[in-house]
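Secondary and tertiary structure notes
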Amino acid sequence: MQILTQLIFSGIALGMIYAVIAFGYQLTFATSDTLNFGQGDALMLGALVGLTLVGLGVNYWLMIPLVCLFGAFQGAVVERIGVRPAIKIKSEFGWIMSTIALGIIFKNVAENVWGRDDLKFPSPLPESPLHFLGANVLPMEILVVVGAVLMMLAVEFFNRKTIYGKAVVATFNDRDAAKLMGINTGLVITFSYALSSLTAAFAGVLIAPLTLTGATMGAVLGLKAFAVAIIGGLTSGMGIIVGGVILGIAETTTGFYLSTGYKDVPGLVLLLIVLAVRPAGLFGKTAIKKV
Amino acid sequence: MKRRHLLLAIAGVAALLLFPAGVSNPYYIHLLETIMIYAILLFGLDIVVGYTGQVSLGHAGLFGVGAYTAGVLVMKFAAPLWITLPAAVLVTAGFGALLALPALRVSGPYLAMVTLAFGTIIQILINEMTFLTEGPLGIKLQKPSLFGQQLDERDYFWLVAVLLVLALIVVHRILRSHLGRAFEALRGSPVASDCMGVSVYRYKVYAFVISAGFAGLAGSLYAYSEQYISPNSYNFELTVLFLLAVIMGGRKSRIGSLVGATIIVLLPKLLDDIEMFRYVSVALAALVLVTAVVGIQKGRASLKQMAIPVVGSLALAGLSFWLKTMTDWRLSIFGVIMLFVVYYLQDGIVGFVRNALNLQRPKAQVQDLALAGGDAVSTAAAGASGEFLEASGVLMQFGGLKALNDVDLSIQRGTIHGLIGPNGSGKSTMMNVLTGIYVPTAGTIAFAGRSLVGRTSSDIALSGIARTFQNVQLFGEMTALQNVQVGLHHTFASNLFDVAVQTPRYLRESKAATQRALGLLQFVGLDELAFEEARNLPYGKQRLLEIARALALDPQLLLLDEPAAGLTAPDIKELINIIRKIREHGVTVILIEHHMDVVMSICDTVSVLDFGQKIAEGVPAKVQADEKVIEAYLGGQAA
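Worth saying up front: this structure is predicted, and the values here are computed from it rather than measured.

**Comments concerning helix α2 (residues 26–51) of chain B**
Residue and element names in this part refer to chain B. Its 26 residues place the ends of α2 36 Å apart at the C-alpha level, agreeing with the 38 Å of an ideal helix rising 1.5 Å per residue. The sharpest bend along α2 comes to roughly 35°, located at leucine 45. Burial runs high along α2: 19 of the 26 residues are buried. Two residues or fewer past α2, glycine 53 is found with a positive phi of approximately 75°.

Pasting the structure below:
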């Protein structure tokens, strides 16, 4: 029982990371109906840049905003190079392929800059576990949960309460109408990509102290976060948190009871099942396609 | 023209078969062998990517399934070649079907993610199921023996070459057949495919299964070729390489697949050898430059269009002299090439060359086909006149909006029934409900005694309801003739086997379909434009083509959604004649139209909708004088 509680706690922390990355998918999907297939690589770059900054002697807490800035910049680059030309020529194939291509480039550059081996990310908090409900909880895990929730709340607040957020929401509802109302929708889309990569980079530095950091850390995380985004529904904020936590717990328990080699399987299988049965996600609304 | 192609093909095959005789270095033989194996996979991948227009990131996984099927069969049962190859094809095709199941409901980015997840799962399973696959250790196997003879490197090369040629022929035949047209139609317009009786779901699965079969064949050949297989070969990088090969070589082209395979096999070797890479990149830049100059001279391309590929290839050449070693930057170079291809070389190398040299896409050979005597429009089965389509109490609700509110509609057999009303009154919604695109919230619809509610669009289409679309839904990249042939899909009973070996049954059906399609084009006056791509036709002609395509379904009931929109006055006259002739064949017509002169001159009965409700019905003259109708169109007096 104690082990199970333990697994659930780690699962929740992991799940919140998935939720944050999935949140990034939602942001770009909301404004432009596109997704960044290199989202996982944005997370990886964030973690590695954070590691370098910490290595240079920058304080962990000071490093976070810097990494966020870097993430925003990286997202904007992805949008300008990979997504905008594809939106212009209305090519779905185009943006899928170009964000994949950019993801590969980022990963390869990271391999050349930081090397192929996984690196240890120093933990900013004490590594001795706290005891809670009979299970051990790392302070870092609590930070992950709190950080993830704060991040999502901040973006939601921005979207709902500020005039810039209204522009984002308007673009989501009807891109052409928003454009005609004088909103620079191109800029809004760039902004959403910046925000999306920012959250991914932030997730990267949150999770890095709990796992190892390396060029290959992003790919599977990105894919599983997509599973979470689908399970939760691409338009539901509550959905991704629930979806993330479900997946996180499924994963830690599979890893413990079955084999760590199989730990990625439940998420992927869940993705396949949800898409086969209910493509709009468990929390999303089914939209009727107009002919 | 055709003979020249044949000679070229024979020369190519001969050169391929003679290659090991001339070159004795096993390294080069193995390299060419790998290219051929990849090409077999790419033929299959092109079906999914090029024809149905879906992104598959799962083909490396399928390739691995094929390789491991052969590897495991050899390791556990010492199975001979004639068992392992077919087994690999079948098992992988099965996995393809499994992959297509979640893909049934989704497309585009979702499908890409599904296939990526699938590929990842395969890799994990190969790694973890050590009892079957030996896990990370991998499996060693020998070159196979055939007819009691142990094949050496050179014999095996010939085996692969023969299979490549066979695969090429089979793929080519499939894609030229009604199956290939169905795949292409999915990409052009899924809705229209369904309404032509070509079930999008079913053919998407077929495409994946056939594609997976080829991946399985390629995988098993690869296992023998390398004589060692391990899980890490079938990773994300490989799947991206395959996609790159398809789009870079050129979609919808077998030559493109061959070119693509050559590039992805040779490119990594090139990058290992910086000297060589420098020569090749310079040669490439020169080639692109020459093509561009020729293209501009022939007036096929503008300076601006050509500038980017030229500058790009020059930059690549420059980069090769700048970097000391390329191997570590291999993936980045692939990524850059991919970006370049996606935006500037959308038609791939084959398309680019074809464009620059002003070559046409090879056209299906249809000469010497005399038009079938008689009429191409089939006569609808005669039946007792009377109620034919009976809709009652149809309610279609979108959220709070009632697009159709308790509408009754009864259509008499053999009549032209007009459906009019102001914009947004629910006419097109009615069409969509009748053809199964929308499932009505409430109400019943019976057609020829059977309920339509809840049946799929393709099922309804096959039971005799054809339609055209308000916003034209043609298969843009297909010719006018092919568009009509998609409508004739239901006349084919041939299966994959018939197509692959071109049985008499398939040849007969194919010839009949071509003749009928030409006849139908003549019926609407488009026979001159049969080989023009649908997207290049003027708007008015596109509408006529939609009618021809709908008639190909041999419908009992034809739904025309604003057929006269965008037509010139003489064209409208022609259209009225066509609709009259359609009725003479016993086909019942429901006509939505805003041109009142059209409606009033040919309709037997007219129903008027306003805000989702039927406000009037009767003979045209009576409806025209109806107070409520006038009010709906012109607005009532302010109360």
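**Digging into the domain arrangement of chain B**
All names here are of chain B. Structurally, chain B comprises domain 1 (2–234), domain 2 (386–464 + 555–634) and domain 3 (478–554). Taken over C-alpha atoms, the centre of domain 1 sits 30 Å from the centre of domain 3. At the junction of the two partners, domain 1 supplies 14 residues and domain 3 supplies 14 residues. Elements with a minimum of two residues in the side of domain 1 that touches domain 3: α7 (153–176) and α8 (178–188). For the side of domain 1 that touches domain 3, the element with the most residues is α8, which contributes seven residues.

**Looking at the sheet that holds strand β7 (residues 416–420) of chain B**
Residue and element names in this part refer to chain B. Taken together, six strands build an open sheet; the order of strands is β10-β11-β12-β7-β13-β14 and the sheet is mixed. The open sheet is flanked by β10 (465–467) and β14 (613–618), the only strands paired with a single partner. Taken over all neighbouring pairs, the strand axes of this sheet differ in orientation by 20° on average, direction set aside. Two elements, β7 and strand β12 (residues 588–592), share four bridges in a ladder whose sense is parallel. Residue pairing across strands places histidine 417 opposite isoleucine 590, the latter belonging to β12. Strands in contact with helix α17 (residues 427–434) are β7, β10, β11 (557–561), β12 and β13 (605–610); relative to β11, the strand with the most contacts, it is inclined by about 145°.

**Looking at the interface of chain B and chain A**
Taken together, the contact pairs 37 residues of chain B with 33 residues of chain A. Those elements that provide at least two residues to the side of chain B that touches chain A are α4 (81–103), α5 (108–128), α11 (236–249) and α15 (330–344) of chain B. Here the element with the most residues in the side of chain B that touches chain A is α5(B); it accounts for 14 residues. When its residues are assigned to classes, the side of chain B that touches chain A shows 28 nonpolar, six polar and three charged.

**Here's the deal with the pairing of β12(B)**
Residues and elements named next belong to chain B. Across the five residues that make up β12, a large majority, five, are buried. Alternating residues of β12 divide into Thr588, Ile590 and Ile592 and Val589 and Leu591, and every residue in both groups is buried. With five bridges connecting them, β11 and β12 associate as parallel partners. Of the residues in β12, the one forming a bridge with leucine 557 is threonine 588. Read as a crossover between parallel neighbours, the route from β11 over helix α23 (residues 569–584) to β12 is right-handed.

What counts, and at which threshold
- Residues numbered from 1 in each chain as written.
- Chains lettered and ligands numbered in written order.
- Predicted model: local features only at pLDDT ≥ 70, side-chain atom pairs only at ≥ 80, totals over all residues.
- Helix = DSSP H or I, 4+ residues; strand = E, 2+ residues; numbered from the N terminus.
- Expected span 1.5 Å × (residues − 1).
- Bend = angle between axes of the 7 residues up to and from the residue.
- Buried ≥ 20, exposed ≤ 12 C-beta atoms within 10 Å, placed from the backbone.
- Domains from an automatic or database assignment.
- Contact = placed C-beta atoms within 7 Å.
- Pairing = 2+ DSSP bridges.
- Axes fitted to C-alpha atoms, helices over the stretch in contact; angles between N-to-C directions.
- Nonpolar A, V, L, I, M, F, W, Y, C, P; charged D, E, K, R; others polar.
- Right-handed = clockwise from strand over helix to strand, strands pointing away.

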